[in-house]
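# Tertiary structure, described
Here's the letter readout for the chains.
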Number of protein chains: 2
Amino acid sequence: MTVVGTANRAHAFTGALFEELARCGVEHVCLCPGSRNTPLVAAAVARPELRCWSHLDERSAGFFGLGLARASRRPVVLVCTSGTAAANFHPAVIEAHHARVPLLVLTADRPPELREWGAGQTIDQLRLYGTAVRWFVEVAVPERGEAALRYARALACRAAAQASGEPPGPVHLNLPFREPLEPVAVAGDVPEDLPPLAVDGRPGRPYLRAVAGPAAPTPELTASLAQLLRTRERGVVACGPLDATPDTAAAVAQLAGALGWPLLAEPTSQLRRGAHVGQAPLIASADLLLRDEPTAARFAPDCVLRFGDNPTSKAFRLWLERQRPADVVLVDPDGVWHDPSHLASATLRVDPQALCTALVRRLGTSSRRHDEWLDTFTDADRRAQAAIDETLAQDERLLSARAVRELGDALPERALLYVSNSMPVRDLDAFLRPSAKPLRVLCNRGANGIDGMLSSALGAAAAATGPTLLLTGDLAFLHDAGGLLAAHRYGIRATVVVLDNDGGGIFSYLPVAAYGERVGFEEHFRTPHGLDLGAVARAYSARFTRASSWEHFRTALKDSFAARGVSVISLAIDPEADVAQHRAIDAAVARALGAGRGGTR
Amino acid sequence: MTVVGTANRAHAFTGALFEELARCGVEHVCLCPGSRNTPLVAAAVARPELRCWSHLDERSAGFFGLGLARASRRPVVLVCTSGTAAANFHPAVIEAHHARVPLLVLTADRPPELREWGAGQTIDQLRLYGTAVRWFVEVAVPERGEAALRYARALACRAAAQASGEPPGPVHLNLPFREPLEPVAVAGDVPEDLPPLAVDGRPGRPYLRAVAGPAAPTPELTASLAQLLRTRERGVVACGPLDATPDTAAAVAQLAGALGWPLLAEPTSQLRRGAHVGQAPLIASADLLLRDEPTAARFAPDCVLRFGDNPTSKAFRLWLERQRPADVVLVDPDGVWHDPSHLASATLRVDPQALCTALVRRLGTSSRRHDEWLDTFTDADRRAQAAIDETLAQDERLLSARAVRELGDALPERALLYVSNSMPVRDLDAFLRPSAKPLRVLCNRGANGIDGMLSSALGAAAAATGPTLLLTGDLAFLHDAGGLLAAHRYGIRATVVVLDNDGGGIFSYLPVAAYGERVGFEEHFRTPHGLDLGAVARAYSARFTRASSWEHFRTALKDSFAARGVSVISLAIDPEADVAQHRAIDAAVARALGAGRGGTR
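Residues numbered from 1 in each chain as written. Chains lettered and ligands numbered in written order. Predicted model: local features only at pLDDT ≥ 70, side-chain atom pairs only at ≥ 80, totals over all residues. Heavy atoms only, no water.

### A word on the packing of aromatic side chains
Overall, the coordinates contain 24 aromatic pairs over all chains when judged by the stated rule. Ring geometry for W337(A) versus W117(B): centroids 6.4 Å apart, planes at 80°, classification edge-to-face. Taken as a pair, W337(A) in the loop between β11 (327-331) and β12 (346-348) and W117(B) in the loop between β4 (103-109) and β5 (135-138) lie in two separate chains rather than in one. For W337(A), a relative accessible area of 52% gives the class exposed. (Phe/Tyr/Trp six-rings, centres within 6.5 Å; stacked < 30°, edge-to-face > 60°. Helix = DSSP H or I, 4+ residues; strand = E, 2+ residues; numbered from the N terminus. Buried < 20%, exposed > 50% of the residue type's maximum accessible area, 1.4 Å probe, protein only.)

Right under this line is the structure:
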């Protein structure tokens with residue numbers, strides 16, 4: 001009895017729409033205030049099985065929804081009113097497109113007769129997100145009658161399916177409504193004698209079920225790939241950004257072990273930490289090793305088997321571009337073409353876990369015959385890790401590298417780490433120690449923006465089952481400071497660690513840094529702001545601690561996991577000292593590797 | 001000698017581009033940090049005649065540029081790096097499109113070979129802003145040689161021309177760059193023997209001058225329109241949002257006087273205040289008069305001559321829809337079709353000032369013959385204004401209506417008032433008294449969003465010659481609180497008056513308010529936030545005053561005009577009391593009008 005009793009055609013339509021969305025597995029809806037979207041808001045609020053989150057700022061709402069969808073691995077609905085509100089979703093929609101996150105974007109609109117005639121809050125919302133959506137629909141203005149309700153139900157189910165694959169991503173439904181917008185009864189709009197299929201759909205299940213399984217590898221593919229891998233002598237398994245489940249991570253690690261190939265795993269692949277660590281030939285220092293030119297030149301791979309998106313490490317990319325391996329095989333469940341270096345020899349559109357399992361079965365354990373290649377890698381990795389430790393052991397200053405190592409140690413089981421783009425994700429890759437203690441790592445590596453970081457992390461926290469921590473720089477923190485409002489309104493628990501170097505630290509590592517005033521380096525690249533982040537955090541009722549020592553940092557972290565609301569912990573980092581320490585670590589790694597080769601540098 | 005000495009092809013290209021932009025009249029450039037946009041940033045910074053503003057958040061940068069362009073009436077350049085950065089400009093681009101504001105949006109991009117291959121920070125930026133731009137160009141990757149520099153110069157001039165009309169609006173140049181991005185010398189990239197035309201353009205003038213004058217009315221149009229207006233007996237001149245210069249305002253006012261027609265002028269038309277007031281049959285209370293149904297029914301116009309966009313007043317719109325005047329003539333220099341009620345009988349694509357002047361000359365002063373019609377209007381207007389004054393005189397509470405009247409009195413000569421959408425622009429229309437003291441009023445009435453308000457006002461302040469004041473609600477303030485950072489970094493002077501009713505006041509006036517918890521009214525429509533705006537303002541180093549009385553408010557306003565930086569003055573407004581006072585004023589106006597008709601209500 002969903003629709004009968006609903007007051008008018010618009011609310012009957014949105015009532016049926018949200019009933020189906022819930023039946024398709026949607027749990028969370030982010031709602032932004034407005035008037036034109038009243039039929040959408042009212043329908044979402046009316047369903048007790050949906051958790052509704054109110055947001056003032058649609059940009060924050062978009063990223064909050066993105067974080068929710070990533071953490072929960074389910075489609076999340078965004079709702080806004082007509083006008084620029086919808087354009088504020090655009091950054092999150094683009095990130096969701098590239099990061100393959102299912103978002104259902106429902107924008108209210110004026111009906112066609114009011115568009116392009118100067119009506120208020122009316123813009124061209126058709127294909128507003130361009131090529132960044134899986135599906136765009138200009139939905140019909142709700143009509144009375146049975147057919148409109150069947151349409152609403154089928155539309156919701158199809159939208160959820162389109163958002164879920166393949167690949168997953170955003171879907172945009174543009175929904176025009178005529179007045180009345182409020183749920184006022186309109187005689188004749190929702191007759192009593194509507195058929196049950198229109199009124200209730202198919203109770204207990206979606207109106208329209210979309211079935212599409214992940215692509216399994218054929219025996220032929222497995223055989224030919226096993227054959228290729230066996231013949232290669234210097235292969236590596238590389239893992240870029242990938243939301244691998246523990247089972248997928250274990251399967252990939254097992255394959256690397258069976259091949260006897262080094263497993264280059266960045267934290268955002270989920271393979272740097274987890275139960276598989278210890279059984280796998282894991283290389284945690286790939287970024288640092290390959291920054292050392294003699295090492296990069298010495299390690300000449302003939303085959304790369306890659307899982308996940310293009311790895312974050314620039315050193316890894318340059319290494320492959322210089323070494324030009326005979327085979328670079330990309331494994332991707334959606335067959336996405338992530339290969340900016342144009343080195344791939346094959347892309348395999350198959351389920352990674354199924355492929356790895358099939359390959360391991362095929363290869364057996366007898367295939368390991370490249371121990372020297374692997375040993376060289378693992379020896380270098382061990383030396384690099386020791387060089388980092390030695391450099392940091394002599395240095396009590398609050399700088400980024402140790403912050404990552406401290407964080408890695410402090411994060412409890414079942415923690416979710418959201419990491420910002422720019423330097424934090426690179427520092428995490430360089431410095432996070434491998435560990436059997438699991439850690440889910442999310443990063444907006446779709447478009448690599450620094451926008452929406454707080455909202456993304458708070459959205460993830462809202463769906464997470466354990467503690468959530470965001471590691472961010474100060475610019476990303478400020479870019480989305482308003483995102484803290486969601487935590488203030490809903491009491492969301494999260495820890496935010498800010499590596500505060502008063503500006504964009506990454507620019508100091510770029511060649512442009514050498515040009516100083518000629519290019520406006522300080523004002524227009526590093527962009528120091530001089531703000532007290534504590535005042536900003538407290539304005540949104542977050543707790544704020546400026547760590548004065550590593551001991552203090554550890555205590556603050558521990559306290560934050562037990563505290564209510566958001567705890568912001570800042571490390572005031574001297575940008576020049578941080579650059580110097582990064583270079584010192586590079587040099588120490590290079591020395592250690594040089595010593596390993598028996599040479600001097 | 002612009003280009004010789006420039007280090008490589010990318011910087012030569014952007015050097016020529018910015019030289020031409022400056023020669024085309026660009027004065028302000030908003031730069032957002034990034035790496036791919038290095039050639040654009042360096043070229044802008046290198047030109048001393050350009051004022052560069054650094055912004056962390058591209059959304060704020062976009063609106064800051066919008067405010068700058070509106071206040072200065074010149075094209076403003078926005079620059080960002082590749083990725084979601086560009087999407088953050090989208091809301092301001094849409095507003096600029098609808099509000100006809102010239103913006104030159106320069107987005108850096110990766111070159112074609114890196115797009116769609118998983119390279120970092122790479123999205124589809126082609127036609128990113130859809131139909132909201134006058135011109136989109138996928139610019140060529142800079143090549144070496146003379147032809148590329150001629151292209152850069154011609155491109156800049158054409159982009160500036162396209163942004164300037166007709167109508168003015170945003171232009172999007174998507175600029176791909178290959179490495180090196182920094183101004184490092186590349187042998188052979190910029191030869192010494194380039195011809196002077198490529199190296200220097202045409203010194204002292206733009207490379208390519210685009211000439212297009214405003215459309216002047218033909219004698220035939222003037223004659224036929226004068227004939228029409230003479231035959232109508234109950235005409236009104238209505239002015240919607242319009243950035244009228246004082247000369248245009250005077251011409252429109254003179255025409256209304258010559259016709260003897262009431263001049264219904266909302267503040268955003270620039271006709272509510274100015275030197276013309278006193279000589280014109282100005283009606284300041286149209287919104288309140290026409291909310292009174294007996295009055296709206298009694299005033300039956302047979303002709304509307306409209307200048308500017310569709311008026312803000314909903315009562316005005318409903319009045320015309322019910323009265324269906326025989327003629328509704330829209331005058332617009334760009335021939336824009338702003339008529340959501342579909343009542344227009346003619347749209348005239350002519351310069352408003354030229355048309356008014358020609359009509360006045362043609363009509364002479366003898367055409368006034370409808371004194372009774374005008375007298376009825378002016379009498380009603382006088383009664384409405386007196387009713388407002390009487391209602392407010394008995395009430396010392398800090399509520400919106402009086403805030404508008406106090407502001408209107410306090411604003412000095414040459415002030416610029418930026419007013420937020422939602423309630424503030426409506427309250428300004430209802431309550432701002434006419435005055436001969438000029439006041440420029442800007443409002444983002446293109447798409448009517450509440451986003452980007454602080455940035456828009458601060459951008460306007462950065463170009464304004466007198467004091468700038470923003471009148472806003474608390475939700476719009478919070479939506480763009482990060483926009484305050486620009487003032488912190490550049491010491492921009494502005495007064496921000498926040499009508500703080502802890503939520504969206506406008507929703508209480510909508511029918512949905514009656515549905516309460518059933519639609520989630522408090523959480524999802526009114527959206528109270530419970531934040532202390534003072535803490536937010538101070539976090540961005542703005543001064544903050546919470547006015548405790550009207551006396552205190554007046555003092556705070558006066559102090560703010562003399563103070564450095566941003567002064568935020570908040571009025572803590574009880575939302576229920578504010579709704580009640582609005583209704584009390586409506587009732588008082590209705591009583592006064594009823595008495596004027598000799599009837600009782």
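Still more ground to cover, so stick around.
### With respect to the packing of helix α3 (residues 58-72) of chain A against helix α5 (residues 90-99) of chain A
Each pair of packed helices can be described by the angle between their axes along with the distance between the axes. All names here are of chain A. Contact geometry of α3 with α5 gives a least axis separation of 8 Å together with a crossing angle of 25°. The orientation of α3 relative to α5 falls into the category roughly parallel. Of the residues in α5, those in contact with R59, G62, F63, L66 and R70 of α3 are P91, A92, E95, A96 and A99. Partitioning the contact of α3 with α5 into residue classes produces 6 nonpolar, 1 polar and 3 charged. (Axes fitted to C-alpha atoms, helices over the stretch in contact; angles between N-to-C directions. Parallel < 35°, antiparallel > 145°, perpendicular 65-115°, else oblique. Contact = heavy atoms within 4.5 Å. Nonpolar A, V, L, I, M, F, W, Y, C, P; charged D, E, K, R; others polar.)

### Structural notes on the interface of chain B and chain A
Each side of the interface is counted separately: chain B has 78 residues, and chain A has 79 residues. Counting the surface lost from both chain B and chain A, the interface buries some 6,600 Å², and carbon and sulfur atoms represent 60% of this. The largest per-residue losses of area from chain B upon contact with chain A belong to L56(B), W117(B) and H524(B), which jointly make up 10% of the total buried on that side. For the salt bridge of R59(B) with D57(A), the shortest nitrogen-to-oxygen distance reads 2.7 Å. (Buried area = accessible area lost by both parts, 1.4 Å probe. Salt bridge = Lys/Arg side-chain N within 4 Å of Asp/Glu carboxyl O.)

### Overview of the sheet that holds β11(A)
All names here are of chain A. Strand order in this open sheet of 6 strands is β9-β8-β7-β10-β11-β12, and the pairing throughout is parallel. The open sheet has two edge strands, β9 (282-283) and β12, and neither has a second partner. Where strand β10 (residues 303-307) and β11 come together, 5 bridges link them in parallel fashion. Within β11, the residue paired with F307 across the bridge is V331. In this fold helix α9 (residues 246-259) packs onto β7 (235-239), β8 (263-265) and β10, with an angle of close to 170° to the strand it touches most, β7. (Pairing = 2+ DSSP bridges.)

### So, the pattern of salt bridges
Taken as a whole and assessed by the stated rule, the structure comprises 74 salt bridges over all chains. Measuring nitrogen to oxygen at the nearest pair gives 2.8 Å for the salt bridge that ties R9(A) to D189(A). Taken together, the residues span a long stretch of sequence, with R9(A) in helix α1 (residues 9-23) and D189(A) in the loop between β6 (170-176) and α7 (196-200) at a distance of 180 residues. Exposure remark for R9(A): the relative accessible area of 22% places this residue in the partly exposed category. Put simply, E551(B) and R554(B) hold a salt bridge, and the shortest N to O gap is 3.3 Å. Note that E551(B) and R554(B) are positioned in helix α22 (residues 550-562) at a spacing of 3 residues, about one turn of the helix. By relative accessible area, which is 34% here, R554(B) ends up partly exposed. Residues joined in a network through salt bridges with shared partners are E19(A), E20(A), R23(A), R47(A), E49(A) and R153(A).

### Here's the deal with the nonpolar core
Counting residues in hydrophobic clusters, the biggest one holds 134 residues, and the most contacted among them are F477(A) and F477(B). If we ignore the near neighbours within four places in the chain, the residues touching F477(A) are L454(A), T472(A), L484(A), V496(A), V498(A), L533(A), V536(A), A537(A) and V568(A). (Core = buried A, V, L, I, M, F, W, Y, C linked by side-chain atoms within 4.5 Å.)

### Examining the relation of the copies chain B and chain A
Copies of the same chain, two in number, are related to each other by a rotation about an axis and a translation along it. The transform that puts chain B on chain A rotates by 180° and translates by 0.0 Å along the axis, for an RMSD of 0.0 Å. The transformation relating the two chain copies, once decomposed into turn and shift, fits a two-fold axis. Closest to the rotation axis within chain B is the C-alpha of V536(B), separated from it by 3.2 Å. An overlap of 100% is found between the interface residues of chain B and their copies at the interface of chain A, pointing to a shared contact surface. (Least-squares fit on C-alpha atoms with pLDDT ≥ 70 in both.)

### Details of the packing of helix α15 (residues 400-410) of chain B against α22(B)
All names here are of chain B. Between α15 and α22, whose axes approach to 11 Å, the crossing angle comes to 40°. The angle between α15 and α22 falls in the class oblique. Classified by chirality, the crossing of α22 by α15 is right-handed. On α22, the residues that touch R402, A403, E406, L407 and A410 of α15 are W550, F553, R554, L557 and F561. Of the residues assigned to the contact of α15 with α22, the class counts are 7 nonpolar, no polar and 3 charged. (Left-handed = near helix turned anticlockwise from the far one by under 90°.)

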